[in-house]
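# A look at the structure
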Protein chains: 2
Amino acid sequence: MGDIFRIDGYRTQAGLEFDVLLAYRTLGNLNASGDNAVVVTTSYSGQDDEAELLIGGEQGIDIDAHYVVLINMISNGLSSSPSNTAAPFDGPRFPRFTVHDNVACQRKLVEALGIKHLRLVTGFSMGGLQTFEWGCQHGDMVSAILPICGAARVSPHNWLFLDGVRAALELDPEFAGGSYASAPEAGLRAFARIYTGWALSQTFFREAQYTALGLDSVESVVGFVYDYFARRDANDLLGMLWTWQHADISKNDRFGGDFEAALAAISARAIVMPCTTDLYFTTADSEIEVKHMPNAELRLIESTFGHFVGGGQVPEGKVVIDAAIADLLAT
Amino acid sequence: MGDIFRIDGYRTQAGLEFDVLLAYRTLGNLNASGDNAVVVTTSYSGQDDEAELLIGGEQGIDIDAHYVVLINMISNGLSSSPSNTAAPFDGPRFPRFTVHDNVACQRKLVEALGIKHLRLVTGFSMGGLQTFEWGCQHGDMVSAILPICGAARVSPHNWLFLDGVRAALELDPEFAGGSYASAPEAGLRAFARIYTGWALSQTFFREAQYTALGLDSVESVVGFVYDYFARRDANDLLGMLWTWQHADISKNDRFGGDFEAALAAISARAIVMPCTTDLYFTTADSEIEVKHMPNAELRLIESTFGHFVGGGQVPEGKVVIDAAIADLLAT
């Protein structure tokens, strides 16, 4: 079981004051100097248990030596979310939180835990968005970052893919503008069907590599993705989706939209880790980012599993993630 | 203005008898020996005017020397379609036609026109599906084929992308199972929004290459694609989509699903022409096809315009298409 951290009157980038609850869970113990900590952020619809997959296992982080903080993203159903917030901010009335807001809140939690320094921040997918934000805005306390299948900002194409799944979900009359009486199942099924085409690669489907996941058909992959998303409330999904669509480390007072300057401000050692067949967090975007970062290495996950490979559930991805974490913690 | 060719009692692969109307248009004149003909097939939602873009222009086919037949696909709004067929086969009750059915009908038209031999069959996208079918089933009368951004069968991933846009359109309550009173606009808008992410590449959006098309934003590209599809009736779109989802040159009595045998039967000289950044008709699929074809060359369109580049509207694609047509007609 995790804990809840409360931030009274957090002021969002949009200017709204809101009492934010961050759900988190820790592993291991903080050392006396407060500098053996690692933050792991969550992915789209993922919660702390899935974040743990990134750093767990035999080759994962040594919990006897580190203090790991797994932090749930706002709107993921455990931290403050449309589904768990009382009126007047419930459901479709829940405020918009940016990645910048998320990480500003995460920093308050980290400080409240007595952490002086983070040896590593990592995360998969939307966790990668948060990881870049940590490196950019909180370089004073971060030694290393490992964004996995993520980016420093949403690309226009990624924005569009997300807007397509959003549009499909909202078409379901049961969705009722977010004021649904029960889950908009048909909308969620279309959402998952469209999303599935993006989350895995063309080769994955051509070669029926889903059998490695215990699935036996394209339709069963769609069902797997549906089950994955339908665990979450529809407004929670759309809240996180809005966060994703507006991700950009430079969209704040400090950088005023100067993306290259924001990348240049990431002084932490970074391993930027896209997958070669990811259809939305592309290697080309990562290459551009690394070019402008002073202390970054591009390290590819060579895989035909597409975006999905970075979640820690696919062995050929996990081994690359493990090695990068070991490299970053060794310095 | 084009002409209409009627085929009484065509028996579909599914076993239904139907009087098929094929809309077509010709350019140039058939020579005395009946062997200077070229067939150009149509793409998804495209009609003969767009097919003409592939072979037109200064570097296009010499109409003084060739007899070009532009043939509209079934369900494209000009040939027999849900939108122009009387009860009991109107709207959602329109029969399912495969690519095999389409080309079997096209052959009857070609013979009725007095054509003895086709020097070339070409087409873009779904036109590429039909082009492969011509080469496979009608090798007795075809010298050369040029499938542009197409394939010999729908890939599982391509099927899935199509199923996503289908699902979105059908979610619109206005669609009413195909028995709509007026166009299901919201569904068509979601359909176009999702489709746009597939039709062009990630780089196209990152580098704002839509300005080359006179468009100024991601949203304006979505609008462009919406206008492109919303010209067509929704049931027509879904009829063509079903045809696409079931495309496979080997799914017939002759080959019984043996895809490699069907490819091996394509004796015509072939230039298989995918685009390097096409997200659904991928170069990897084309490579597999060419490997099994006895007389085929893989010739890439190197472009960041994705699938769209093969339609003849983008200069960097058209110049490659023109050269391939010239090569194939020169032999």
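Up top is the structure.
A short tour of the structure in this document, coming up. If you're wondering where the values come from, they're calculated on a predicted model, not measured in any experiment. (Residues numbered from 1 in each chain as written. Chains lettered and ligands numbered in written order. Predicted model: local features only at pLDDT ≥ 70, side-chain atom pairs only at ≥ 80, totals over all residues. Heavy atoms only, no water.)

This part is about the side chain of T243 of chain B. Residues and elements named next belong to chain B. Mapped onto the elements of the fold, T243 is located in helix α8 (residues 234-245). For T243, a relative accessible area of 1% puts it in the buried group. Contacts of T243, omitting those with residues within four sequence positions, involve F97, T98, V99, N102 and M126. (Helix = DSSP H or I, 4+ residues; strand = E, 2+ residues; numbered from the N terminus. Buried < 20%, exposed > 50% of the residue type's maximum accessible area, 1.4 Å probe, protein only. Contact = heavy atoms within 4.5 Å.)

Attention now moves to the pattern of salt bridges. Two side chains that carry opposite charge are able to pair once their charged atoms sit near each other. Residues and elements named next belong to chain A. Across all of its chains, the model carries 38 salt bridges over all chains by this definition. Measuring nitrogen to oxygen at the nearest pair gives 2.8 Å for the salt bridge that ties D327 to R299. Here D327 is found in helix α11 (residues 315-330), whereas its partner R299 is found in the loop between β8 (296-298) and α11, with 28 residues between them in sequence. Accessibility expressed as a relative area gives 31% for D327, which makes it partly exposed. We note a salt bridge from K318 to D322, for which the minimum N-O separation is 2.5 Å. Here D322 and K318 lie together in helix α11, a separation of four residues that amounts to about one turn. (Salt bridge = Lys/Arg side-chain N within 4 Å of Asp/Glu carboxyl O.)

With that settled, consider the layout of surface pockets. As a volume, the largest pocket reaches approximately 470 Å³. Around the largest pocket, the lining comprises 25 residues; the ones closest to its centre are Q202, T276 and L279 of chain A together with T276 and L279 of chain B. Of all the secondary-structure elements, those providing two or more residues to the lining of the largest pocket are α6 (202-206) and α10 (283-292) of chain A together with α6 (202-206) and α10 (283-292) of chain B. Looking at the lining of the largest pocket residue by residue, the classes come out as six nonpolar, 15 polar and four charged. (1 Å grid on protein atoms, 1.4 Å probe; cavity = no way out; pocket = protein on both sides within 12 Å on 5 of 7 lines; lining within 4 Å. Points joined across faces, edges and corners; volume = space filled by probe spheres on them. Nonpolar A, V, L, I, M, F, W, Y, C, P; charged D, E, K, R; others polar.)

Once that is clear, we can look at the interface of chain B and chain A. Contact residues are listed per partner, giving 33 residues for chain B and 33 residues for chain A. Taken over both partners, the interface formed by chain B and chain A buries close to 2,700 Å², and the fraction arising from carbon and sulfur atoms is 76%. Looking only at chain B, the three residues that lose the most surface to chain A are L160, L171 and R206 of chain B, adding up to 24% of its buried area. On inspection of chain B and its partner chain A, the count reaches four salt bridges. Between D163 of chain A and R193 of chain B there is a salt bridge; the shortest N-O distance is 2.7 Å. (Buried area = accessible area lost by both parts, 1.4 Å probe.)

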